There are 2 protein chains.
Amino acid sequence: MAETRSKPSKGSKRASTRTGAPKATIKDIARAAGVSVATVSRVLNTPDLVVAKKRQAVLRALRRHDYIPNQTARSMISRRSRAIGLILPTLANPVFVPAIAAIEQELDRAGYALLINCCERDPARELAQARTLIERGMDGLLITGSEHLPDLPALLARHRIPHVSQDVSQDIALDKPMGPSIGLDNAGALAAAVDHLHACGHRRIAVLSGPVHNTPSVRDRFLSAIARIRHHGLICPDAWCAVSDDYDNHSTRIAAQRLLDCGEQPTAVALTGDLLALGLISECRARSLDIPRDLSIIGCGDTNMGQYADPPLTTIHMPFVEMGRAAARDLLSLIEDRKPPELSILPHELVIRQSVAAPANAHSAKTGRLRTNRL
Amino acid sequence: MAETRSKPSKGSKRASTRTGAPKATIKDIARAAGVSVATVSRVLNTPDLVVAKKRQAVLRALRRHDYIPNQTARSMISRRSRAIGLILPTLANPVFVPAIAAIEQELDRAGYALLINCCERDPARELAQARTLIERGMDGLLITGSEHLPDLPALLARHRIPHVSQDVSQDIALDKPMGPSIGLDNAGALAAAVDHLHACGHRRIAVLSGPVHNTPSVRDRFLSAIARIRHHGLICPDAWCAVSDDYDNHSTRIAAQRLLDCGEQPTAVALTGDLLALGLISECRARSLDIPRDLSIIGCGDTNMGQYADPPLTTIHMPFVEMGRAAARDLLSLIEDRKPPELSILPHELVIRQSVAAPANAHSAKTGRLRTNRL
DNA sequence: TTGAAAGCGCTAACAC
DNA sequence: GTGTTAGCGCTTTCAA
């Protein structure tokens, strides 16, 4: 057999890629199997249309050449890349990781690839990344958050790119709708947190927030906590509304110090994120404040952190995994012309552990109601 | 102007994508600007070659049509996708996230897209994902870990796909080399951990490991710890070598119980990962064992967790960020025909916090040497 | 059942 | 400088 060693025919004009030998194309296979390229394509896509004998020959050639079809060429014809782009605010905050995992899983199952970009909370960069993803022929885009340049919805609309937003701020989603959106009930979560503290008898409730810049979800949580405290007819002086510059131990402790150094000490603190608990707990430990005896703490998010905190953190579970899964599914629906709901807000859930108790001087403490339902 | 409303010419055979109106192509722009497609292409790629007047006309048409070049078509010609694929073992373990962030950053800076796949530690799935990524025309692949099917290196070699491995087990990398690799010194890290405990006066040192199945890095750490304990002439009975089924609180505590329930209690525990500290600390708290007074703990990894643990965790810093960055850079070098080093092992670093002290009955305690160099 | 040929949107010779 | 044209690798009519 003359073709045993199938070196590229000497006169070939086929440009070898810079990085190696030319890959076998459908043409090579056709030549090797003694059929036309159309037949090879049929064996690949609709094998039943090819008579067994030729099919075998083609399959053999395919295997011998380690043929890998060129998806790029296919995308060109089908006008579909079977890939979607995910734009994240950042990977520094690990709360998105479970959502990413869920998205990856859903897409992989459906045969879609996932491209990831982090815009580092820079809306201009986000817009640029969206453009690049469109250039790259993404079948759809998953956008995280709701702090965008107005050009972004315009871009998506003009190019009719299917897209779903996740982790949107409810207000913004209603105010400037940008297609189907999945949100967490951030405001509701902190209201529930404050309600829980209130139900435990706390009347001096403070708020400790993460950075709110370009992070509507955190801002929603923060403002909602304050509003809910007032809703209960309680005071909430500025000194009890601290914002940390970051989630690291140092920044959080500085913010926590502002709360604890003011004349009147709160008996409970509602956090906009579980991560903040650790710094606050550190600060309490340094001041020999016992949690929950001297200070109750309730988190928000229900990340791993909370489960391991000392004491284990009572918190509001936020369904990030479900959010990612829903976003991915809705986007795939959209790509396949089925229309997902415009805005769905996923429910939170109170997770009672051990960082909240009745205040020491409680009048209306109902300690019996506190029990762990997770751990 | 007749073309103000540029509806797709009625007779056009151009297939509209299923999801919307046909996007403007270079042909549309050429027609609108009254030039040839080549001129439009030149305006896009080598604007200096086009006379100003026509260039302006083209630019105007480009803007009016919101033209977005089709990267797929470009890739077809250049045979480069300017995209790379990253295969991860899992996203459930957040240690990889900082590496991913570093990779994303490096690639974004270089104008490359990042595709992410999780194989969930299933080597067959990893192989399938690699195939898919090759089909999709990735310019290179970033592989994580070193537990592969033998078909994987074969596949990469046959198709001459530039690839770099990260988080490789040093032994495996040397034994079955698979191209340029970046590793962490897992064995060295646990040896250093044990050395530190030994230097603090500990002679009864136990090991608590995360699951080792398909996770050579963890196995390396585990075995190295045991070997190092023996190297110091100490005993290390089986009961002092516990392996947790998972990193969650429950699994870790079960493993920790095995350590602490055996007749002879260790005075110190070396962990294969920071994450395990939290469960172990919980268990100690439940038994009223003070850390570090009654038990010293040293972690490995230096994740956020450790900074927030109570007490703050003395640990071995593992350079995951540097690993991701190096992997991305080396891969880009490889794609551009520059040859990166075959195997680089990144250095670890002891981070002394507060979870290690001399044992209560120490003979050779040198407490003065212990000081925090981070926090 | 198969093959020839026309593109998908773009770039790069090669003429003019 | 600019236009014409030949592909990139593949799928898909349309004939045979």
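Residues numbered from 1 in each chain as written. Chains lettered and ligands numbered in written order. Predicted model: local features only at pLDDT ≥ 70, side-chain atom pairs only at ≥ 80, totals over all residues. Heavy atoms only, no water.

*Asks:* I'd love a proper account of the interface of chain A and chain B, names of residues and values included.
*Replies:* Taken together, the contact pairs 63 residues of chain A with 62 residues of chain B. For the pair chain A and chain B, the summed buried surface comes to about 5,600 Å²; carbon and sulfur atoms form 54% of the total. Ranking the residues of chain A by area buried against chain B places A:Ile68, A:Arg136 and A:Tyr308 at the top, with a combined share of 14%. Between chain A and chain B we count four salt bridges in total. With a shortest N-O distance of 2.3 Å, A:Arg158 and B:Asp66 are connected by a salt bridge. Inspection of the chain A/chain B interface yields 20 residue pairs in polar contact (both at pLDDT 80 or more). For the side of chain A that touches chain B, the secondary-structure elements that each account for two or more residues are α4 (71-78), α5 (96-109), β2 (113-118), α6 (123-135), α7 (151-158), α12 (275-286) and α13 (304-308) of chain A. With six residues, β2(A) is the largest single contributor of residues to the side of chain A that touches chain B. The residue makeup of the side of chain A that touches chain B, split by class, is 29 nonpolar, 15 polar and 19 charged. (Contact = heavy atoms within 4.5 Å. Buried area = accessible area lost by both parts, 1.4 Å probe. Salt bridge = Lys/Arg side-chain N within 4 Å of Asp/Glu carboxyl O. Polar contact = N/O pair within 3.5 Å; in protein donor to acceptor, adjacent residues only side chain to side chain. Helix = DSSP H or I, 4+ residues; strand = E, 2+ residues; numbered from the N terminus. Nonpolar A, V, L, I, M, F, W, Y, C, P; charged D, E, K, R; others polar.)

*Asks:* So what about helix α2 (residues 37-45) of chain B? Which residues, and what values?
*Replies:* Residue and element names in this part refer to chain B. Of all the positions in α2, only Thr 39, Val 40 and Val 43 are classed as buried. Along the long axis of α2, the arc covered by the buried residues comes to 100 degrees, so they all point the same way. Where α2 is buried, its residues touch α1 (26-33) and α3 (52-64). (Buried < 20%, exposed > 50% of the residue type's maximum accessible area, 1.4 Å probe, protein only. Arc of directions from axis to C-beta.)

*Asks:* Would you mind going over the protein's contact with DNA strand D in detail, with residue names and values included?
*Replies:* Around DNA strand D lies a shell of 25 residues, among which A:Ile26, A:Tyr67, B:Thr39, B:Arg42 and B:Arg79 are the nearest. Taking all atoms of DNA strand D within 4 Å of the protein, the share assigned to sugar and phosphate is 64%. In this structure, A:Asn70 approaches DNA strand D through a main-chain N or O atom, which is 3.1 Å from a phosphate oxygen. Between A:Ala73 and DNA strand D, the recorded distance is 3.5 Å, taken from a backbone N or O atom to a base nitrogen. Of all the secondary-structure elements, those providing two or more residues to the surface near DNA strand D are α2 (37-45) and α4 of chain A together with α2 and α4 (71-78) of chain B. Top contributing element to the surface near DNA strand D by residue count: α2(A), with four residues. (Near = heavy atom within 4 Å.)

*Asks:* Outline the pattern of salt bridges, listing residues and values.
*Replies:* A side chain of one charge can pair with a side chain of the opposite charge if their charged atoms are brought near each other. This structure, assessed with the given rule, holds 28 salt bridges over all chains. Taking the shortest distance from any N to any O, the salt bridge between A:Asp28 and A:Arg31 comes out at 3.5 Å. Here A:Asp28 pairs with A:Arg31, and both are found in helix α1 (residues 26-33), just three residues apart, close to one helical turn. With relative accessibility at 57%, the residue A:Arg31 sits in the exposed group. Of the charged contacts in the structure, one is a salt bridge between B:Glu283 and B:Arg253, with a shortest N-O distance of 2.9 Å.

*Asks:* Pulling in residues and values, what's your account of the sheet that holds strand β6 (residues 205-209) of chain B?
*Replies:* Residue and element names in this part refer to chain B. With mixed pairing, six strands are arranged side by side in an open sheet as β7-β6-β8-β9-β10-β12. Looking at which strands have only one partner, the edges of the open sheet turn out to be β7 (241-243) and β12 (349-351). Recorded for the sheet is a direction-independent mean angle of 20 degrees between the axes of neighbouring strands. Helix-sheet contacts for helix α10 (residues 216-231) involve β6, β7 and β9 (296-301), and the interaxial angle to β6 is about 170 degrees. (Pairing = 2+ DSSP bridges. Axes fitted to C-alpha atoms, helices over the stretch in contact; angles between N-to-C directions.)

*Asks:* Help me get a handle on the protein's contact with DNA strand C, residues and values and all.
*Replies:* Taken together, 25 residues form the shell around DNA strand C, and within it A:Thr39, A:Arg42, A:Arg79, B:Ile26 and B:Tyr67 come nearest. Sugar plus phosphate: this is where 69% of the atoms of DNA strand C within 4 Å of the protein reside. Take B:Asn70: an N or O atom from its main chain is 3.2 Å from a phosphate oxygen of DNA strand C. Elements supplying a minimum of two residues to the surface near DNA strand C: α2 and α4 of chain A together with α2 and α4 of chain B. Of all the elements, α2(B) adds the most residues to the surface near DNA strand C, at four residues. Of the residues in the surface near DNA strand C, the class split is 13 nonpolar, six polar and six charged.

*Asks:* Quick rundown of the relation of the copies chain A and chain B? Include the residues and the values.
*Replies:* In the superposition of chain A on chain B (RMSD 0.1 Å, axial shift 0.1 Å), the rotation amounts to 180 degrees. Both chain copies can therefore be described as sitting about a two-fold axis. Minimal C-alpha distance to the rotation axis in chain A is attained by A:Leu115, lying at 2.2 Å. Taken as a fraction of all interface residues of chain A, those also at the interface in chain B reach 98%, which identifies the copy contact as same-surface. (Least-squares fit on C-alpha atoms with pLDDT ≥ 70 in both.)

*Asks:* Now, about the packing of aromatic side chains: what can you tell me, with residues and values included?
*Replies:* All names here are of chain B. Under the defined criterion, the tally for this structure stands at two aromatic pairs over all chains. With centroids separated by 6.3 Å and ring planes inclined at 90 degrees, the aromatic side chains of Phe 96 and Phe 320 adopt a geometry described as edge-to-face. Of this pair, Phe 96 sits in the loop between β1 (83-88) and α5 (97-109) while Phe 320 sits in helix α14 (residues 320-335), and the two are 224 residues apart along the sequence. Using a relative accessible area of 5% as the deciding quantity, one classes Phe 96 as buried. Exposure remark for Phe 320: the relative accessible area of 8% places this residue in the buried category. (Phe/Tyr/Trp six-rings, centres within 6.5 Å; stacked < 30°, edge-to-face > 60°.)

*Asks:* Before we move on, could you go through the packing of α6(A) against α7(A) and cite the residues and values that matter?
*Replies:* All names here are of chain A. Packing of α6 against α7 brings their axes to within 10 Å, and their N-to-C directions diverge by 15 degrees. With respect to their mutual orientation, α6 and α7 come out roughly parallel. The crossing of α6 and α7 is right-handed. Residue-level contacts link Glu 126, Leu 127, Ala 130, Arg 131 and Ile 134 of α6 to Asp 151, Leu 152, Leu 155 and Leu 156 of α7. Among the residues forming the contact of α6 with α7, the class breakdown is six nonpolar, no polar and three charged. (Parallel < 35°, antiparallel > 145°, perpendicular 65-115°, else oblique. Left-handed = near helix turned anticlockwise from the far one by under 90°.)

*Asks:* Mind laying out the confidence of the model for chain A, listing which residues take part and the relevant values?
*Replies:* Caution applies to low-pLDDT parts of the model: their predicted coordinates are not meant to be read in detail. All names here are of chain A. Put simply, chain A has an average pLDDT of 89, and 90% of its residues get 70 or more. A low-confidence stretch, residues 1-19 (pLDDT under 50), is modelled with 17 contacts involving residues beyond four sequence positions or located in other chains. Every residue in residues 363-375 is under pLDDT 50, and counting partners more than four places away or in other chains gives 29 contacts. (pLDDT = per-residue confidence, 0-100.)

*Asks:* I'd like to hear about the environment of A:Leu275, residue by residue, with values.
*Replies:* All names here are of chain A. Within the secondary structure layout, Leu 275 lies in helix α12. Looking at Leu 275, the relative accessible area reads 14%, which means it is buried. Spatially, the C-alpha atom of Leu 275 lies 53 Å from that of His 65, the residues being 210 residues apart in sequence. Leu 275 has contacts with Pro 94, Tyr 247 and Met 305, leaving out every residue within four places of it along the chain.

*Asks:* Quick one: what's the story with the side chain of A:Ser224, residue by residue and with numbers?
*Replies:* Residues and elements named next belong to chain A. Inspection of the secondary structure puts Ser 224 in helix α10 (residues 216-231). The exposure class assigned to Ser 224 is buried, which follows from its relative accessible area of 13%. What Ser 224 contacts, discounting residues up to four positions off in sequence, is Ala 187, Leu 190 and Ala 191.

*Asks:* Tell me about the pairing of strand β11 (residues 343-346) of chain A, and name the residues and values.
*Replies:* Residues and elements named next belong to chain A. Here β11 shows a buried face lined by Ser 344 and Leu 346 and an unburied face lined by Leu 343 and Ile 345. Pairing of strand β5 (residues 181-184) with β11, which is carried by four bridges, proceeds in the parallel orientation. Looking at β11, one finds that Gly 183 is bridged to Ile 345.

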